[in-house]
Amino acid sequence: MQNNLAELLNRNLNIGQKTIANRLVMAPMSYLGHVAFRELLAHFGGYGLLFTEMCSAKRIPTENPQTSAFFRWRETELPRLVCQIVGNDPDKMVVAAKRIQAEGFFGVDINFGCATGTICSHSGGAAVLKNPALAHQIVASVREAVTLPLFVKFRTGWQDDPQHAAMLAQRFETAGADALTFHPRVAPDRRLRPAKWPYIKMVKEAVNIPVFGNGDVFTGDDCLRMLQTTGCDGVAIGRLGIAQPWVFAAWTGGLTVKPELYRDTALYLVKLLERYFDETQALRRFQRFAYYFSANFRYGHTLFTRIRAAADLQRVIGVIERFFQTPPELSSRPNMNFFI
Ligand SMILES: Cc1cc2nc3c(=O)[nH]c(=O)nc-3n(C[C@H](O)[C@H](O)[C@H](O)COP(=O)(O)O)c2cc1C
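Throughout, a residue's number is its position along its own chain's written sequence, starting from 1. Reporting of local features is limited, given that this is a predicted model, to residues whose pLDDT is at least 70; pairs of side-chain atoms are given and counted only at 80 or more, and all residues count toward the totals for whole chains, interfaces and linings.

Now for the overall build of the chain. Numbering goes from the N terminus for both helices and strands, where a helix is a DSSP run of H or I of at least four residues and a strand is a run of E of at least two. Each helix and strand in the chain was counted, giving 14 helices and 11 strands. Radius of gyration here uses only the C-alpha atoms, and the compact-globule reference equals 2.2 Å multiplied by the residue count raised to the power 0.38. Relative to the 2.2 N^0.38 estimate, which gives 20 Å for 340 residues, the radius of gyration of the chain is 19 Å and therefore close to what a compact globule would have. Exposure criterion: with C-beta atoms placed from backbone coordinates, a residue whose C-beta has 20 or more other C-beta atoms within 10 Å is buried, one with 12 or fewer is exposed, and one in between is partly exposed. Here the chain holds 340 residues, and 47% of them are scored as buried. Here, residue contact means that the backbone-derived C-beta atoms of the two residues sit within 7 Å. Intrachain contacts of the chain at a sequence separation of at least 6 include 71% that bridge at least 24 residues.

Now the structure itself:
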């Protein structure tokens, strides 16, 4: 399976005027896909692209990349980094996209997928899908303003209707999107039911631009099945990429996962977080990471509970070192909903 998967993933893909070297990308993850975590991902490599966590379009014009918690990057990552923006005002989205282009990012991604209460209550993210004409206008306005690759990430919508999702995909393509990331879930669904992969096939068949399938890829077999059964052009990985930041290198580059990798990776992330964030921000971000990382282990809830209770990063390091004194039993398939 592994060779077959690597062969499928390690193929160039044209997106707008640019090309990526492989088809496995890290999905945008708020409070998780920050500059420190992306440095960890870069340490392993193996991905075609990384996406930033969502950035409020309204805030981008005034953010200082030296100090911003979310609009911050390393120069070396820009050639493979897409900045995701969220908002519902076409003019503000345009201003944000222009800055993203001027800063030298690979591309800009419009978030029509986020279904959390805070984002939707401000009528951003998936809430925009309730108004397809507005969604179209946002994509078209950004397209007119910038030449860099333009991505749209979206969900099935607010009704469980794949035809509607295919219609949305066509509208985004007509409006000028260069690639789509599609997560086949309705907006109120909080990932408790499986993603409906057959809908990815329908979206893929509805358009001529590349489609990245997304949702519930937790093993190499899942990834292969998604590619083969949906015909999608690439795969965007969310939670597994957080739990196993080396997964890109493992699936596209043949990295062998040694048992000590788990402990070493967690400790390395602590160091990176300390470099970019103050103690409180770093601790909060590590605790979010720990939720997904702990899902790698059969008894990971004990690790997560201890990390969540830790008052500072020094104590977090102690928890990690104690947990790995006896090699922990791995789950065959990380259970990402283990606390729900
Ligand atoms: C904690 C968390 C944060 C997320 N943040 C974002 C985000 O900032 N932008 C976005 O478009 N999607 C976001 N998502 C959705 C993911 O990108 C992805 O679509 C979803 O997790 C399904 O993929 P997976 O099954 O591989 O995790 C987030 C998901 C989670 C669990």
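Alright, that's what it looks like, and here's the rest.
Not every one of the 21 residues close to the ligand is listed here, only the nearest: Ala27, Ser30, Met54, Gly238 and Arg239. Taken together, the residues of the shell around the ligand break down into nine nonpolar, eight polar and four charged. Throughout this description, a residue near a molecule or strand is one whose C-beta atom, derived from the backbone, lies within 6 Å of it. When residues are sorted by character, Ala, Val, Leu, Ile, Met, Phe, Trp, Tyr, Cys and Pro go into the nonpolar class, Asp, Glu, Lys and Arg into the charged class, and all the rest, Gly among them, into the polar class.

Attention now goes to the packing of helix H11 (residues 260–276) against helix H12 (residues 279–294). Each pair of packed helices gets described by two things: the angle between the helix axes and the distance between those axes. Here an axis means a line fitted to C-alpha atoms, over the contact stretch when the element is a helix, while the angle between two N-to-C directions is reported on a 0 to 180 degree scale. For the pair H11 and H12, interaxial distance at closest approach is 10 Å and the crossing angle is 155°. In terms of axis orientation, H11 runs roughly antiparallel to H12. When the axes of H11 and H12 are compared, the crossing they make is right-handed. On H12, the residues touching Ala266, Leu269, Val270, Leu273 and Glu274 of H11 are Ala282, Arg285, Phe286, Phe289 and Phe293. Of the residues belonging to the contact of H11 with H12, the class tally is eight nonpolar, no polar and two charged. When describing relative orientation, an angle under 35 degrees is termed roughly parallel and one over 145 degrees roughly antiparallel, while 65 to 115 degrees is termed roughly perpendicular and anything else oblique. Note on convention: the crossing is left-handed when the near helix lies turned anticlockwise from the far helix by less than a right angle, right-handed when the turn is clockwise.

For the rest of this paragraph, the subject is the domain arrangement of the chain. Per the domain assignment, the segments making up the chain are domain 1 (2–253) and domain 2 (260–323). For domain 1 and domain 2, the distance between their C-alpha centres works out to 26 Å. Listed per partner, the contact involves 15 residues of domain 1 and 17 residues of domain 2. Listing elements by their share of the side of domain 1 that touches domain 2, those giving two or more residues are helix H2 (35–44) and helix H9 (239–243). Each domain's extent is set by a domain assignment, obtained either automatically or from a database.

Further remarks concern the nonpolar core. Core analysis: the biggest nonpolar cluster contains 110 residues, and Ile85, Val108, Ala177, Leu180 and Val235 have the highest contact counts within it. Ranked by residue count, the leading element in this core is H12, at eight residues. The two domains that each donate at least three residues to this core are domain 1 (2–253) and domain 2 (260–323). Beyond its immediate chain neighbours, meaning those up to four positions away, Ile85 contacts Cys55, Ala57, Ile60, Met93, Ala96, Ala97, Val108, Ile110 and Asn111. The nonpolar core is taken to be a set of buried Ala, Val, Leu, Ile, Met, Phe, Trp, Tyr and Cys residues joined by way of C-beta atoms within 7 Å.

As a rule of thumb, non-glycine residues mostly have phi less than zero, and peptide bonds are mostly trans rather than cis. Although it is not a glycine, Tyr31 sits at a positive phi angle of roughly 65°. Tracing the sequence through the fold places Tyr31 in the loop between strand S3 (24–26) and H2. Backbone geometry at Asp216 places phi at a positive 65°, although glycine is not the residue there. By the secondary structure assignment, Asp216 is in the loop between strand S10 (211–214) and helix H8 (220–230).

Here strand S11 (residues 234–237) shows no split at all, with Gly234 and Ala236 on one side and Val235 and Ile237 on the other all buried. Each pair of strands is called paired provided DSSP finds at least two bridges between the two strands. Pairing geometry for S10 and S11, over three bridges, is parallel. The partner of Asn214 across the bridge, within S11, is Ala236. Taken together, S10, H8 and S11 constitute a β-α-β crossover, and its handedness is right-handed. The handedness rule is simple: strands pointing away from the viewer, and a clockwise path from the first strand over the helix to the second, make the crossover right-handed.

Turning our attention to the packing of H11 against helix H14 (residues 313–323). It is the contact of H11 with H14, at a shortest axis distance of 10 Å, that shows an interaxial angle of 175°. As judged from the angle between their axes, H11 and H14 are roughly antiparallel. Across from Arg263, Ala266, Leu267, Val270 and Glu274 in H11, the residues of H14 making contact are Leu313, Val316, Ile317 and Ile320. A breakdown of the residues in the contact of H11 with H14 according to their chemical character gives seven nonpolar, no polar and two charged.

The next point concerns H14. Every buried residue belonging to H14 is among Val316, Val319, Ile320 and Phe323, and all of these are buried. The buried residues of H14 occupy an angular sector of 95° when the element is viewed end-on, so they sit on one face. Exposed and facing more than 90 degrees away from the buried side of H14 are Gln314, Gly318, Glu321 and Arg322. Along its buried surface, H14 packs onto H11, H12 and helix H13 (300–309). This arc is built from the directions going out from the helix axis to the C-beta atoms.

What follows deals with H12. For a helix, the expected span equals 1.5 Å multiplied by the number of residues minus one. Compared with the 22 Å implied by 1.5 Å per residue over 16 residues, the 21 Å span of H12 between its first and last C-alpha is a close match. Among the structural elements, H9, H11, H13 and H14 are those in contact with the buried residues of H12.

With that out of the way, let us pick up the environment of Ala309. Considering the arrangement of structural elements, one finds Ala309 in helix H13. Ala309 gets classed as exposed once you count the C-beta atoms within 10 Å, which come to 11. C-alpha separation for the pair Ala309 and Phe51, spaced 258 residues apart in sequence, amounts to 30 Å.

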